[in-house]
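Observations on chain architecture
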Amino acid sequence: AASGPELLDSSPARLFADHPAFGGDPLGREGGTRKPLGGEFRTGGDPLLVMVVHLSSKWGDDPSFGRRQPPMRPTDAMRRAQAVVLREFADELLDRRPGASVVILGDFNDFWWSDALAEMTSSGLVNALEHLEPAERITYTYQGWSQALDHVLLSAGIATDAVVDVVRVNGEFPAGVRSSDHD
């Protein structure tokens, strides 16, 4: 039996701390986005890698119904670059250890049809929220728009048996009675 992490150098770990995709913000808003966290666990002898993400926010994009049409969305490229790094890392882990399971979850700050999520699913990761009815996928409400910005991506080996549900404790409630703006 393995005595320590097999796929990560340490567990838990802050991932991509020095990677440019998670570094400085080209819009000059902040020093970079939150770095993903990784944890490695064992299930039936095989490794389970869980990555928790919070990709760059949409802050700085034009509003959907603003004066400029089509709206400028400079943060799309930032999230796509981050998605490439995450997907390549997941691919590398699964190539090194085909029996491993990978879960990438959190605030992707993007829609299931976005370039960033298409990048994430391009090599076999499955977005578990897509198995829910559209009305059940909602994880965030902004100015009356109900949407899914949070996602759960699974490696193919565990996606078929996965059951996912969005627990509604934040997004549908007024700001004064919730702990977050996401579910």
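In this text, all values refer to a predicted model and were calculated from it rather than measured experimentally.

Focus on the packing of aromatic side chains
Counted by the stated rule, this structure contains four aromatic pairs. When the ring of Phe111 is compared with that of Trp113, the centres are 4.7 Å apart and the planes differ by 10°; the resulting orientation is stacked. For Trp113, a relative accessible area of 56% corresponds to the exposed category.

Points about unusual backbone geometry
With an omega dihedral of 0°, the bond running from Ser11 to Pro12 counts as a cis peptide bond. A cis amide bond, omega -5°, links Gln69 with the succeeding residue Pro70. With respect to the helices and strands, the residue Pro70 is situated in the loop between strand E3 (46–54) and helix H1 (75–96). Look at Phe16: it is not a glycine, yet its phi comes out positive at around 60°. Relative accessible area serves as the criterion here: at 17%, Phe16 is assigned to the buried category. The backbone of Asn109 sits at a positive phi, close to 50°, despite the residue not being glycine. Mapped onto the elements of the fold, Asn109 is located in the loop between strand E4 (101–107) and helix H2 (115–121).

As for the side chain of Ser56
Mapped onto the fold, Ser56 is located in the loop between E3 and H1. By relative accessible area, Ser56 is classed as buried at 2%. Only 2.9 Å separates the side chain of Ser56 from the side chain of Gln82, close enough to count as a polar contact.

Quick notes on the environment of Leu153
Counting through the fold element by element, Leu153 comes out in strand E8 (residues 150–154). The class of Leu153 is buried, set by a relative accessible area of 0%. Each residue touching Leu153, except ones within four places of it in the same chain, is listed here: Val102, Val103, Ile104, Phe108, Leu117, Met120, Thr121, Val126 and Asn127.

Conventions and cut-offs
Residues numbered from 1 in each chain as written. Predicted model: local features only at pLDDT ≥ 70, side-chain atom pairs only at ≥ 80, totals over all residues. Heavy atoms only, no water. Phe/Tyr/Trp six-rings, centres within 6.5 Å; stacked < 30°, edge-to-face > 60°. Buried < 20%, exposed > 50% of the residue type's maximum accessible area, 1.4 Å probe, protein only. Helix = DSSP H or I, 4+ residues; strand = E, 2+ residues; numbered from the N terminus. Polar contact = N/O pair within 3.5 Å; in protein donor to acceptor, adjacent residues only side chain to side chain. Contact = heavy atoms within 4.5 Å.

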